[in-house]
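Coordinate analysis (summary)
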Amino acid sequence: NAGVTQTPKFRILKIGQSMTLQCTQDMNHNYMYWYRQDPGMGLKLIYYSVGAGITDKGEVPNGYNVSRSTTEDFPLRLELAAPSQTSVYFCASSVGGGQGNYGYTFGSGTRLTVV
Amino acid sequence: AQSVTQLDSHVSVSEGTPVLLRCNYSSSYSPSLFWYVQHPNKGLQLLLKYTSAATLVKGINGFEAEFKKSETSFHLTKPSAHMSDAAEYFCVVSDRGYTGGFKTIFGAGTRLFVKA
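Quick caveat, the model's predicted, so the values are computed rather than measured. (Residues numbered from 1 in each chain as written. Chains lettered and ligands numbered in written order. Predicted model: local features only at pLDDT ≥ 70, side-chain atom pairs only at ≥ 80, totals over all residues. Heavy atoms only, no water.)

1. Focus on the packing of aromatic side chains
Under the criterion given, the structure shown has 17 aromatic pairs over all chains. Centre to centre, the rings of Y104 of chain A and F106 of chain B are 6.4 Å apart; their planes meet at 15°, and the pair counts as stacked. Taken together, the positions of Y104 of chain A in the loop between β9 (87-94) and β10 (105-106) and F106 of chain B in strand β11 (residues 102-106) put the pair across two chains. Given a relative accessible area of 4%, Y104 of chain A falls into the buried group. A centroid spacing of 6.3 Å and a plane angle of 80° characterise the contact between F106 of chain A and F106 of chain B, whose relative ring orientation is edge-to-face. Taken as a pair, F106 of chain A in strand β10 and F106 of chain B in strand β11 lie in two separate chains rather than in one. Neither residue differs from the other here; F106 of chain A and F106 of chain B are each classed as buried. An aromatic cluster of at least three residues, connected via ring pairs, comprises Y33, Y35, F90, Y104 and F106 of chain A together with F34, Y36 and F106 of chain B. The lysine or arginine in question, R68 of chain A, covers the ring of F74 of chain A, its NZ or CZ lying 5.9 Å from the ring centre. (Phe/Tyr/Trp six-rings, centres within 6.5 Å; stacked < 30°, edge-to-face > 60°. Helix = DSSP H or I, 4+ residues; strand = E, 2+ residues; numbered from the N terminus. Buried < 20%, exposed > 50% of the residue type's maximum accessible area, 1.4 Å probe, protein only. Lys NZ or Arg CZ within 6 Å of the ring centre and 35° of its normal.)

Here it is, written out as structure tokens:
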């Protein structure tokens, strides 16, 4: 199984540009998450989804949007890129809420630079 | 309110010596606790988890952690470090929030260096 697949792995954006970070999982997990990782700050939750058609904001949702039309896919959209969005983005999925008893499965990340 | 504190931002050990990565937490309910490892330019991988069963938890690659409620700690240990253990380690607490949903908090991470 591929697990959680993120694309692209790297991207450089100019200020004001838009892009979509793709995330796909093949484990039939209901819960999916987007995190950003900044140096020395741990991971911060951007958005999460508890199932197809249901999404909700995390700690740092400003400047981002998500959709969940299928169980497998959970894309993250940046509409007007800003330098503050330079970060490494991780998609994750889990069987249950709050990681449950199983923990998260993470993708390998997307390193985004906004210049 | 939930929080998690990793007490060391960097830990350096020699190969073959013990590893101790410290984590303290606070939680209003009965938390689940996790340790993840992140190797350079990789995603996070689950090392081990505590979910209210045995307080001494064994994980992959020889790591283990002990849940101590009285000390609100969940320190990660390994008897003998290997060069391949060099990575960043995250302590994570997951608990039910006041509204009934879960809330998950990541520590800031501890970078482990292993010297030959």
